[in-house]
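Spelled out, the chains give:
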Amino acid sequence: MSGFARPFRIRNYRFQWPADLLTSWAFEMETLVLGWYILVETGSVLLLTVLGSLNFVGTLVAPMFGVIGDRIGHRDLLAMMRAAYAVLSGTLMILALTGHLTPAYVMIIVSIMGMIRPSDLGVRGALVADVMPPELLIGAISTSRTTQDTARIAGALSGAGLFAALGIGPVYIAIVSIYLIGMCLTLCIKLPKKTRKSADGETLVLRSPFSDLKEGLAQVWTTPQVRAALLVAFLVNLTAFPLTGGLLAYVAREIYLTDQTGLGYLSASFATGSLVGSMVLSFVTGLRIARVMIGATIAWYAMLLVFVQLKSVPLAMICLFLSGVSQSLSMISVAVILMRSVPEHLRGRVMGVRMMVIYGLPIGLMAAGSLIDLFGFAATGTLYALSGMAFMLAIALHWRADLWRVHAAANAR
């Protein structure tokens, strides 16, 4: 059986993968449609970056979602979160269909959704670790990553096409329907009831959620490879993801002078590369995963350095494809290091901390919006790519014993 297909031997994974796929698809459609709507309605790159930042306001409370997931079960928490997405998107749908949608309403509802949505990836990652045996974990995480990658392709292209042809209201009918199906599939996952136990096997007494959070933070702080991986995740959210995420609508409209269809092609190019990277890791075994993280992250910044100088859409699509490959290898490596390095009963909390570092993205987006107004996109992108590469090299050097050494725990095969 191929590396990609092996995780599907597990019944629960056969429900989780399509549930995550549909949810990611709806995420991508919403991000593209609302970004284009705000840019066209306001004409402001600053408001575009504000919108992108609002999607991640919940990163600061993501560790508490991890605590809740460890207590009530990651499946139940994920289903409740996806029900909330459907309600909030349904509100936007009604406003759009009745002609009452305004940028202010979009900002308010995205702010509410942004309190919940950043935790989705962390909770689904913990759930993958719950349902998969250890020997299938790398392949399962890599295959799970394809849900985001294929969704970026299909979601970007279908969202752009429907938006251009039918308008925002009909697009939101599709988005709400997709969220509801994803929620139902999530509820089909059946996990055995477990008694919460501490690391030494003793059943835990009822404790404060803040005590649980403190335990997770202590695990992060005392495990060098986990600390290094989380710093890498923060760095790329601060300096890499803004260039190919929230700012892509600005790049498409102002740099390449294209419409929402062109934006869909640019977004899909990055996602296609990311899909290729995910597929590679699902098939290849025996990799020194921390070394992969270092090499892939540096390559990612190198591709971004080229991308911000380009003026041609076809060349930009090629560069975004290569950036996507590197990005996927980097982020999957981070996830594998975290899942391998922490005890099972702490996974939700540690993945919550992982989601918290995504707060680097809104910071990077907001700073980029102001810098672009002052210095232009190329200069801002060059600054982001060079500074990111320099800090990545510093992380690799400082934690070389934990990340580069062949026999380091993070490089275990």
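Residues numbered from 1 in each chain as written. Predicted model: local features only at pLDDT ≥ 70, side-chain atom pairs only at ≥ 80, totals over all residues. Heavy atoms only, no water.

> Help me understand the overall build of the protein, please; the structure alone is not making it clear to me.
Counting its regular elements, the protein contains 19 helices and 0 strands. When burial is assessed residue by residue, the protein has 56% of its 413 residues classed as buried. (Helix = DSSP H or I, 4+ residues; strand = E, 2+ residues; numbered from the N terminus. Buried < 20%, exposed > 50% of the residue type's maximum accessible area, 1.4 Å probe, protein only.)

> Mind showing me how you'd approach helix 1 (residues 11-42) here?
Structural remark: α-helix, 3.6 residues per turn; residues separated by three or four positions point the same way. Counted at 1.5 Å a residue, the expected span for helix 1 with its 32 residues is 46 Å, and the 47 Å between its end C-alpha atoms agrees. Along helix 1, 23 of the 32 residues are buried, which leaves the element largely enclosed by surrounding structure. Backbone geometry just after helix 1 places Gly 43 at a positive phi near 70°. (Expected span 1.5 Å × (residues − 1).)

> Any chance you could explain unusual backbone geometry here in plain terms?
For residues other than glycine, phi is negative in most cases, and the peptide bonds are mostly trans. Here Leu 257, not a glycine, exhibits a phi torsion of approximately 55°, which is positive. Within the fold, Leu 257 resides in the loop between helix 12 (248-255) and helix 13 (260-283). Since its relative accessible area comes to 70%, Leu 257 is described here as exposed.

> Looking at this structure, how should I read the pattern of salt bridges?
A side chain of one charge can pair with a side chain of the opposite charge when the charged atoms of the two come close. Counted under the stated rule, the structure contains 6 salt bridges. In this structure, Asp 20 engages Arg 82 in a salt bridge whose closest nitrogen and oxygen atoms are separated by 2.8 Å. Taken together, the positions of Asp 20 in helix 1 and Arg 82 in helix 4 (residues 74-97) put the pair 62 residues apart, joining distant regions of the chain. Taken as a pair, Asp 20 and Arg 82 share a single burial class, namely buried. Asp 120 is the salt-bridge partner of Arg 124, the closest N and O atoms lying 2.7 Å from each other. Linking Arg 124 with Asp 120, this pair stays in helix 6 (residues 119-131), spanning 4 residues, or about one helical turn. When salt bridges that share partners are traced, they join Asp 20, Arg 82, Asp 120 and Arg 124 into one network. (Salt bridge = Lys/Arg side-chain N within 4 Å of Asp/Glu carboxyl O.)

> Explain the packing of helix 1 against helix 4 here, please?
A pair of packed helices is captured by two measures, namely the crossing angle of their axes and the spacing between those axes. Axis separation between helix 1 and helix 4 bottoms out at 12 Å; the angle between their running directions is 30°. Accordingly, the angle class assigned to the pair helix 1 and helix 4 is roughly parallel. Here helix 1 and helix 4 pass one another in a crossing that is left-handed. Between helix 1 and helix 4, the residues in contact are Ala 19, Asp 20, Thr 23, Phe 27, Glu 30 and Leu 34 and Leu 78, Arg 82, Tyr 85, Ser 89 and Leu 92, respectively. Partitioned by chemical class, the residues of the contact of helix 1 with helix 4 number 6 nonpolar, 2 polar and 3 charged. (Axes fitted to C-alpha atoms, helices over the stretch in contact; angles between N-to-C directions. Parallel < 35°, antiparallel > 145°, perpendicular 65-115°, else oblique. Left-handed = near helix turned anticlockwise from the far one by under 90°. Contact = heavy atoms within 4.5 Å. Nonpolar A, V, L, I, M, F, W, Y, C, P; charged D, E, K, R; others polar.)

> Explain empty space enclosed by the protein here, please?
Think of a ball as big as a water molecule: rolled over the atoms, this probe shows where empty space is left. The full count for this structure, using the stated rule, is 4 cavities of 30 Å³ or more. Put simply, the largest cavity is a space of about 1,200 Å³. Class assignment of the residues belonging to the lining of the largest cavity gives a composition of 26 nonpolar, 14 polar and 7 charged. Within this model, the second largest cavity holds a volume of roughly 70 Å³. Residue lining of the second largest cavity: Glu 30, Thr 31, Leu 34, Gly 35, Leu 51, Asn 55, Leu 92, Val 110, Met 113 and Arg 117, and that is the complete set. Of all the elements in the fold, those that place two or more residues in the lining of the second largest cavity are helix 1 and helix 5 (103-114). Taken together, the residues of the lining of the second largest cavity sort by class into 5 nonpolar, 3 polar and 2 charged. (1 Å grid on protein atoms, 1.4 Å probe; cavity = no way out; pocket = protein on both sides within 12 Å on 5 of 7 lines; lining within 4 Å. Points joined across faces, edges and corners; volume = space filled by probe spheres on them.)

> Looking at this model, I keep getting lost on the packing of aromatic side chains. Mind explaining?
Both the distance between ring centres and the angle between the ring planes are used here to describe each pair of aromatic rings. Inspection of every chain in the model, using the stated rule, returns 8 aromatic pairs. The interplanar angle of 50° and the centroid separation of 5.4 Å between the aromatic rings of Tyr 85 and Tyr 179 together place this pair among those described as tilted. Residue Tyr 85 is located in helix 4, and its partner Tyr 179 is located in helix 8 (residues 168-187); the two are separated by 94 residues in the primary sequence. According to the relative accessible area criterion, Tyr 85 is buried, its value standing at 0%. An angle of 20° between the planes, with centres 6.4 Å apart, marks the rings of Trp 300 and Tyr 301 as stacked. Judged on exposure class, the residue Trp 300 and its partner Tyr 301 are both buried. Chaining the aromatic ring pairs together yields one cluster made of Phe 8, Tyr 13 and Trp 17. Positioned over the ring face of Phe 27 is Arg 117, at 4.3 Å from the centre of the ring. (Phe/Tyr/Trp six-rings, centres within 6.5 Å; stacked < 30°, edge-to-face > 60°. Lys NZ or Arg CZ within 6 Å of the ring centre and 35° of its normal.)

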